[in-house]
Amino acid sequence: MSLQEKYTKAGQGHVYNFYSKLSAEERQSLDRQLSKLDPEEINDIAKRAGDYTESEGVIEPLPAQVVASMFDSDPADLESWRKQGLEAVANGEVAVLLLAGGQGTRLGSSAPKGCYNIGLPSNKSLFQLQAERIAKVARLAGEEFGRSGCRVPWYIMTSGPTRAPTEAFFKENNYFGLPSSDVIFFEQGVLPCLTKDGKIILESAGKVAVAPDGNGGVYKALYESGVLDDLKTRGIEHVHMYCVDNSLVKVADPSFIGFAAARKADVAVKVVRKRNAGESVGLIVSKDGAPGVIEYSEISKELAEAKDENDPSLLKLRAANIVNHYYSTAFLLKTVDLAKQLPYHVANKKIPYADESTGETVKPSRPNGIKLEQFVFDIFPQVSLDKFASLEVARQDEFSPVKNGPGSGEDCPETARDDLLAEGARWLTAVGATSQPIEIYPNVSYSGEGLESFAGKQVNERYLS
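These notes cover the structure that comes with them. (Residues numbered from 1 in each chain as written. Predicted model: local features only at pLDDT ≥ 70, side-chain atom pairs only at ≥ 80, totals over all residues. Heavy atoms only, no water.)

Another point: the packing of aromatic side chains. Per the counting criterion, the structure on display carries 15 aromatic pairs. Ring geometry for F170 versus F176: centroids 5.3 Å apart, planes at 80°, classification edge-to-face. F176 carries the same exposure label as F170, and that label is buried. Ring centres of F375 and F377 lie 5.5 Å apart, and the angle between their planes is 45°; on these two criteria the pair is classed as tilted. Aromatic rings pair up to connect F127, W154, F169, F170, Y175, F176 and F185 into one cluster. Seen from the ring of Y441, K124 lies directly overhead, with NZ or CZ sitting 3.4 Å from the centre. (Phe/Tyr/Trp six-rings, centres within 6.5 Å; stacked < 30°, edge-to-face > 60°. Buried < 20%, exposed > 50% of the residue type's maximum accessible area, 1.4 Å probe, protein only. Lys NZ or Arg CZ within 6 Å of the ring centre and 35° of its normal.)

What follows covers the packing of helix α8 (residues 227-234) against helix α11 (residues 329-338). Remark: α8 packs on α11, axes separated minimally by 10 Å, with the N-to-C direction vectors making an angle of 150°. Classified by the angle their axes make, α8 and α11 are roughly antiparallel. Judged by the twist between their axes, the crossing of α8 over α11 is left-handed. Of the residues in α11, those touching α8 at L228, L231 and K232 are T329, L332, L333 and V336. Residue composition of the contact of α8 with α11, grouped by class: 5 nonpolar, 1 polar and 1 charged. (Axes fitted to C-alpha atoms, helices over the stretch in contact; angles between N-to-C directions. Helix = DSSP H or I, 4+ residues; strand = E, 2+ residues; numbered from the N terminus. Parallel < 35°, antiparallel > 145°, perpendicular 65-115°, else oblique. Left-handed = near helix turned anticlockwise from the far one by under 90°. Contact = heavy atoms within 4.5 Å. Nonpolar A, V, L, I, M, F, W, Y, C, P; charged D, E, K, R; others polar.)

According to the stated counting rule, one finds 25 salt bridges in the structure shown. Of the charged contacts, one joins D182 and R234 as a salt bridge, the two residues approaching to 3.0 Å between their closest N and O atoms. In this pair, D182 is assigned in the loop between α6 (160-172) and β5 (183-187) and R234 in helix α8, connecting sequence segments 52 residues apart. Looking at D182, the relative accessible area reads 3%, which means it is buried. Counted as one network, the salt bridges with shared partners bring together R151, D182, D230 and R234. (Salt bridge = Lys/Arg side-chain N within 4 Å of Asp/Glu carboxyl O.)

Looking now at empty space enclosed by the protein. Following the criterion strictly, the structure yields 2 cavities of 30 Å³ or more and no others. Of the voids in this model, the largest cavity is the one considered here, and its volume is about 150 Å³. Lining the largest cavity are 14 residues, and of these R133, E423, W427, I440 and Y446 lie nearest its centre. Examining the composition of the lining of the largest cavity, we find that 4 residues originate from one element, helix α13 (residues 413-430), more than from any other. For the lining of the largest cavity, the residue count by class is 8 nonpolar, 2 polar and 4 charged. When we break the lining of the largest cavity down by domain, the ones giving at least three residues each are domain 1 (56-353 + 363-403) and domain 2 (408-464). In this structure, the second largest cavity spans a volume of roughly 30 Å³. What lines the second largest cavity is simply L97, Y155, L222, V227, L231, V239 and L332. For the lining of the second largest cavity, the residue count by class is 7 nonpolar, no polar and no charged. (1 Å grid on protein atoms, 1.4 Å probe; cavity = no way out; pocket = protein on both sides within 12 Å on 5 of 7 lines; lining within 4 Å. Points joined across faces, edges and corners; volume = space filled by probe spheres on them. Domains from an automatic or database assignment.)

This is the structure we're talking about:
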């Protein structure tokens, strides 16, 4: 059966409407694109998305036995988690997984978001900050356990538009001192954009309109790219996943890894305390007895404002989702099958399309089609509660995303920069020093350790390198 017959049989034969008018090169390009898609699978995905409805369910906080907080945990437990995580790093059992498919469009940049400079005295990009934190964790593990050459592989999931510029940025910067063999790029998948009745949209006469399949596409991409095989080959047991736009992220955080490993968790999440009842954040919850996420738009005002029965000063539902996860490799290997059960979410969008008569691209003024995507947290209900864990961390220490443009005043480059500089000052205050807001390079300190020599001193520098 020819490719055209395959699409015609699936009711998607219109993608060849302009085929006879295309040049040989344009035909080859369209054929290559169509050969990577399965029209019957697209039909099935469209049906699943159309049939999917979010059930209201019984929403409760996660049960106490799967939750811990950095605010009130026993110091002995905190130290035990840190040591267990560092030992796993020293043993070569830890890897990092970065979701880096986003472009810096909102930031006024055409480059991948990880290339962005938030305005630190060092002018370091988000990618560089994260690379240097990985290197520092490896050194700390080696020092603690007397090992040399400790390494933490870094798997970076890009999207189509960010793949080439991301790789070029790392090469230009010599991988920020990391071994190039430990920086592995792979690409998330795409899905065709569809009309409301499930027909594939042509963006132009010889090109299908496509969009990334959402951050939940990471599970399929891990398998198809060979990353899962690489994890097994390297003997990786613990994977820390996070988003590129968090300026304060503790990459390969030994305390988090140790916490999850001590709990024997398949999946663990970091959460921060919701600022107030009206904050527009998703929440980690128990939904019908299974771990899950409820979006802020799905929470009633009454439930959003409900107070904790044991502490009325706190919200009942306060575990804000920051997309900062732990996975055991054993669990990730199961996601090859589990990912096939994940729902597809529909987003109504304005999608450029080929005029039916001329094939010329038309840019619509209102939503005319849908994009389909999966969410990374949709895997959570597949995890039993006894294999799930949640660690509450301090927002000021671990979460300052760069989501909005410069000057917007919230979750923007300026707030991310200020939060990172304020963290440096807190670290110095904790050892008895006095300091203005200051940038402390990751090679100097990962999370405030190693600064004791500044005790009793006034530190006036803009940065410590």
